[in-house]
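So the chains spell out like this:
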Amino acid sequence: MTVATTYTITFGMFIPDGSCVSEDEWHLFLTQQVDPLLNSYSVRDELGIWDGIPAPARVLTYISTEYEDALCIHAIASTYKQQFKQKAVMVNSFASYPEHV
């Protein structure tokens, strides 16, 4: 059984100016910033709470056996934070034992 690391990045969709990241902006971000770094990942819609306020979010999940991929995950989160003027982007990682059935 292979030990891997599962990474999640939680991207808030609200922008501090009161607007939201549009579908076009989101897909462009994936195409330009994520796809060149990660070869397989999943994304799901979520509802988070930030500063006590419900807020839409997207969660990207990526599983890797390569330690260096942690740098890619943090680069993606940092780019999103800067590009969409976020206060924070949550990155989480944990050991996992993925298997294809």
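Above this text sits the structure in question.
Because the structure is predicted, anything quoted here is derived from the model rather than measured.

Regarding helix 1 (residues 23–34)
For helix 1, spanning 12 residues, the distance from its first C-alpha to its last is 15 Å, which sits close to the expected 16 Å at 1.5 Å a residue. By the burial criterion, the buried members of helix 1 are Trp26, Phe29, Leu30 and Val34. Down the axis of helix 1, the sector holding all buried residues measures 100 degrees, keeping them to one side.

Quick look at unusual backbone geometry
Notably, aspartate 51 is not glycine yet its phi reads approximately 55 degrees, a positive angle. Of note, aspartate 51 is situated in the loop between strand 2 (42–50) and strand 3 (53–64). Among the residues examined, aspartate 51 registers a relative accessible area of 57% and is labelled exposed. In the Ramachandran plot, lysine 85 falls in the positive-phi region, its phi being about 55 degrees despite a non-glycine side chain. Mapped onto the elements of the fold, lysine 85 is located in the loop between helix 2 (69–83) and strand 4 (90–96).

Some points on a nonpolar patch on the surface
On the surface, Met1, Val3 and Tyr97 cluster together into a nonpolar patch covering about 390 Å² of accessible area. Mapped onto the elements, methionine 1 comes out in the segment before strand 1 (4–12). Its relative accessible area of 79% is what places methionine 1 among the exposed residues.

Digging into the layout of surface pockets
Sizing a probe to match a water molecule and rolling it over the atoms shows the empty space that remains. In this structure, the largest pocket occupies an estimated 500 Å³ of space. Surrounding the largest pocket, 22 residues form its lining, Gly12, Trp50, Ala55, Gln86 and Ala88 being those nearest its centre. Looking at the lining of the largest pocket, the elements that each hand over two or more residues are strand 1, strand 2 and strand 3. The leading source of residues in the lining of the largest pocket is strand 3, at five residues. For the lining of the largest pocket, the residue count by class is 15 nonpolar, four polar and three charged.

Topic: the sheet that holds strand 1
Strands sit in the order 2-3-1-4 across an open sheet of four strands; the sheet is antiparallel. The sheet is open, and its two borders are formed by strand 2 and strand 4, each paired with just one other strand. Between one strand axis and the next, the sheet turns by 25 degrees as a mean value, whatever way the strands run. Of the pairings in the sheet, the one linking strand 1 to strand 3 comprises eight bridges and is antiparallel in character. In the strand pairing of strand 3, glycine 12 is matched with alanine 57. Relative to strand 3, helix 1 is tilted by about 25 degrees, and along the sheet it contacts strand 1, strand 2 and strand 3. Helix 2 rests against strand 1, strand 3 and strand 4 of the sheet, and its axis sits at about 0 degrees to strand 1.

Calculation rules
Residues numbered from 1 in each chain as written. Predicted model: local features only at pLDDT ≥ 70, side-chain atom pairs only at ≥ 80, totals over all residues. Heavy atoms only, no water. Helix = DSSP H or I, 4+ residues; strand = E, 2+ residues; numbered from the N terminus. Expected span 1.5 Å × (residues − 1). Buried < 20%, exposed > 50% of the residue type's maximum accessible area, 1.4 Å probe, protein only. Arc of directions from axis to C-beta. Patch = residues over 30% accessible without salt bridge, like charges linked within 9 Å, V, L, I, M, F, W, Y side chains within 5 Å. Areas by Shrake-Rupley, 256 points an atom, 1.4 Å probe, with all protein chains shown as cover. Salt bridge = Lys/Arg side-chain N within 4 Å of Asp/Glu carboxyl O. 1 Å grid on protein atoms, 1.4 Å probe; cavity = no way out; pocket = protein on both sides within 12 Å on 5 of 7 lines; lining within 4 Å. Points joined across faces, edges and corners; volume = space filled by probe spheres on them. Nonpolar A, V, L, I, M, F, W, Y, C, P; charged D, E, K, R; others polar. Pairing = 2+ DSSP bridges. Axes fitted to C-alpha atoms, helices over the stretch in contact; angles between N-to-C directions. Contact = heavy atoms within 4.5 Å.

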